[in-house]
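Examination of the molecular architecture
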Amino acid sequence: MSLSLIACAIDQRECAVVCMKKSGGSHYSLDGCNTLPFGLDDLASAKGNRLLKKLDSHLNLWPDEELALCLGPKNYLPLPVSFPANTSVERCREYSRIEAQYFLSQPEKYDCDCVGYGSNQKGLHEKKMLLFYPATASRRVSEHLAASRRIIFSGTPQSPLLYLSNFTTERLVILEIESNYLLLTASKEGRLEQFSCRETKNRKESEYFTIKELVENPLFRETEVQLTGTLADKAMTRLIKKETSMTLKPLSITPSLSISNPSKFSISSAVAVKAISLALMALDRQKRFSFKH
């Protein structure tokens, strides 16, 4: 049985549209991968409607495919929680809404991703990390795209990148340096092992807290760190390498992942990596949904 879908990842400055197919066990192929030079900042501007129509034109290359969507927010408000073991996705959403009422002053203005956190527990409860994020921009894009096709996932890039750790035996460490926040994650087998998120006011704060986080945590010295974000430029990379002596590389698809035709498309940009990771996660969910029905 062959499954296929479109995945669209939107960062602050870029977006990527991927069409991916899965057949057999873990055989993946790309039907398309287009990176576009506009992101959430542009979509929120006066030219947003025109750019949304341009995005539509790329999605309409595959008019009958379902869509998975992830959008990089301006910032995250993380909350570690403990939910009953084996809680369904729907019940997790319900619990998350309850937590939001206590955690946020204006919960209606936020959406939430819920991801596994810590080692697998076998008790009555399971640790989760709730990632609340401002919803205005993402809801606008989602509502526009939902008018023409079914959206099977909408959230941030964190769940897809976490899912990417299922395709490697190594720990996946990702450092994201954006203009408003610093995010450092370590994941393995689809679960967060470590998580650190800090709001930053300027580049100097980003530099200081990035170096501090890496130097103070010995876990991050055991593996290479993948770097992404609007502030993760050459100068920032050189400074981090100099101050930490750590191995850094751009965010990338793990070599152990088998995609039959990657050379046909440009998949090296961070936003393309996020779109491909999203497609992998959504295809797995699509497969499980198909078997249930």
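Residues numbered from 1 in each chain as written. Predicted model: local features only at pLDDT ≥ 70, side-chain atom pairs only at ≥ 80, totals over all residues. Heavy atoms only, no water.

1. Quick notes on the layout of surface pockets
- The computed volume of the second largest pocket comes to approximately 410 Å³.
- Listed by contribution, the elements that provide at least two residues to the lining of the second largest pocket are β12 (225-228), β13 (248-250) and α8 (270-292).
- Broken down by class, the residue content of the lining of the second largest pocket amounts to 9 nonpolar, 8 polar and 7 charged. (1 Å grid on protein atoms, 1.4 Å probe; cavity = no way out; pocket = protein on both sides within 12 Å on 5 of 7 lines; lining within 4 Å. Points joined across faces, edges and corners; volume = space filled by probe spheres on them. Helix = DSSP H or I, 4+ residues; strand = E, 2+ residues; numbered from the N terminus. Nonpolar A, V, L, I, M, F, W, Y, C, P; charged D, E, K, R; others polar.)

2. Digging into the pattern of salt bridges
- Here the structure, examined in full by the defined rule, presents 15 salt bridges.
- For D111, the salt bridge goes to R139, with nearest N and O atoms at 2.8 Å. One end of the pair, D111, is in strand β6 (residues 110-116); the other, R139, is in helix α4 (residues 136-146), and 28 residues separate them in sequence.
- We note a salt bridge from E126 to K128, for which the minimum N-O separation is 3.9 Å. (Salt bridge = Lys/Arg side-chain N within 4 Å of Asp/Glu carboxyl O.)

3. So, empty space enclosed by the protein
- This structure, assessed with the given rule, holds 1 cavity of 30 Å³ or more.
- Empty space within the largest cavity amounts to approximately 100 Å³.
- Lining the largest cavity are V115, L131, Q158, L161, L162, L172, I174, T185, S187, L192 and F195.
- Those elements that provide at least two residues to the lining of the largest cavity are α5 (158-164), β9 (172-177), β10 (181-188) and β11 (191-199).
- At 3 residues, α5 tops the list of elements feeding residues into the lining of the largest cavity.
- Across the lining of the largest cavity, the residue classes break down as 8 nonpolar, 3 polar and no charged.

4. Regarding the side chain of E207
- Relative to the helices and strands, E207 resides in helix α6 (residues 203-216).
- Excluding residues that lie within four positions of it along the chain, E207 makes contacts with M236 and L239. (Contact = heavy atoms within 4.5 Å.)

5. Overview of the sheet that holds strand β7 (residues 125-134)
- Strand order across the open sheet formed by 3 strands is β5-β7-β6, with antiparallel pairing between neighbours. The open sheet has two free edges, formed respectively by β5 (77-84) and β6, since each of these has just one partner strand. Going from strand to strand, the sheet's axes swing by 30 degrees on average, the running direction of each strand aside.
- Lying over the sheet, helix α3 (residues 89-103) contacts β5, β6 and β7, oriented at roughly 130 degrees with respect to β5. (Pairing = 2+ DSSP bridges. Axes fitted to C-alpha atoms, helices over the stretch in contact; angles between N-to-C directions.)

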